[in-house]
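Structural description and commentary
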Amino acid sequence: DAVILAVGASSYTPPIPGVDGPNVRDAWKVLAGVQSVSGRVAIIGGGVVGCETAEHLGALGYKVSIVEMQGQIANGLSTTVLPTMLENYRRFGVEQYTGHKALEIAIGKLICTDKDGRVVRIPCDNVVIASGARPVGFETEGLISQGIEVIMVGDCRDVADISHATKTAYDAANAL
């Protein structure tokens, strides 16, 4: 009678020159242990995933830099978690480049501009992309044309966090 669709999201890769280079990794894959890094690491994206990746790699001893377009990192992160994370950044030497936009990924460096438009070159051996996620597409027309109700929940509806996924799934189940 109905299908609750929870196919999730996938990481978003921005159209930055060099993003398909051999020195570029995906944050989700790095955190899952599917991809590895070496040496100095620049992370594009200072949201929750980028910040968690920076903390993880810093704890492993990598020299980490976070590049974030907004004026601050970890926007929306719990205020109970943020102080501990920032203290870990201080201990691990994680550098933060807020108000910076990635322009190009090259071998040995990430080229950015700061908020004043000045070019900044960040030395790195690997670049990790943590620039958000997009809902995974799923063809629902076949179900709908057969009169089957389709309810999208979680990240495939709106990319958010686990509490959003749980709430939308709970609401969908209750509505049925």
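Refer to the preceding data block for the structure.
Anyway, here's the lowdown on the structure attached to this text. (Residues numbered from 1 in each chain as written. Predicted model: local features only at pLDDT ≥ 70, side-chain atom pairs only at ≥ 80, totals over all residues. Heavy atoms only, no water.)

1. Some remarks on the packing of aromatic side chains
Just so we agree on the cut-off: Only rings of Phe, Tyr and Trp enter the pairing, Trp through its six-membered ring, and a pair is recorded when the two centres are within 6.5 Å. The plane angle decides the type: under 30 degrees is stacked, over 60 is edge-to-face, the rest tilted. For a lysine, the NZ atom is tested; for an arginine, the CZ atom; a charge sits over a ring if that atom is within 6 Å of the ring centre and within 35 degrees of the ring normal.
Within the structure shown, the criterion is met by 0 aromatic pairs. The cationic tip of Arg134 hangs over the ring face of Tyr12; the distance from NZ or CZ to the ring centre is 3.9 Å.

2. So, the pairing of strand 7 (residues 101-106)
For the record, the criterion: Any two strands with at least two DSSP bridges between them are considered paired. What counts as a helix is a DSSP run of H or I of at least four residues, what counts as a strand is a run of E of at least two, and both are numbered from the N terminus.
Relative to strand 8 (residues 109-113), strand 7 is paired through 5 bridges, and the arrangement is antiparallel. By the bridge assignment, Lys101 is partnered in strand 8 with Thr113. Remark: 2 residues form the turn of the hairpin made by strand 7 and strand 8, two consecutive strands paired antiparallel; Gly108 in that turn has positive phi of roughly 90°.

3. Brief notes about the pattern of salt bridges
When their charged atoms lie close together, side chains carrying opposite charge are able to pair. For the record, the criterion: We define a salt bridge as a contact between a side-chain nitrogen of Lys or Arg and a carboxyl oxygen of Asp or Glu at a distance within 4 Å. Burial status follows relative accessibility: with a 1.4 Å probe on protein chains alone, a residue under 20% of its type maximum counts as buried, one over 50% as exposed, and anything between as partly exposed.
Enumeration over the complete set of coordinates arrives at 7 salt bridges. Note that Asp114 is salt-bridged to Arg118, the shortest N-O span being 2.9 Å. On the accessibility criterion, Arg118 (51% relative accessible area) is exposed. One network of salt bridges, with partners in common, ties together Asp114, Asp116 and Arg118.

4. What about the sheet that holds strand 5 (residues 63-68)?
Going by this rule: An axis is simply a line fitted to the C-alpha atoms; with a helix, the fit covers only the stretch in contact. Between two such axes, the angle follows the N-to-C directions and lies from 0 to 180 degrees.
Taken together, 5 strands build an open sheet; the order of strands is 3-10-4-5-6 and the sheet is parallel. Looking at which strands have only one partner, the edges of the open sheet turn out to be strand 3 (24-26) and strand 6 (95-98). Taking each pair of neighbouring strands and ignoring which way they run, the sheet shows an average axis angle of 20°. Looking at chain direction, strand 4 (residues 40-44) and strand 10 (residues 126-129) are connected through 4 bridges and run parallel.

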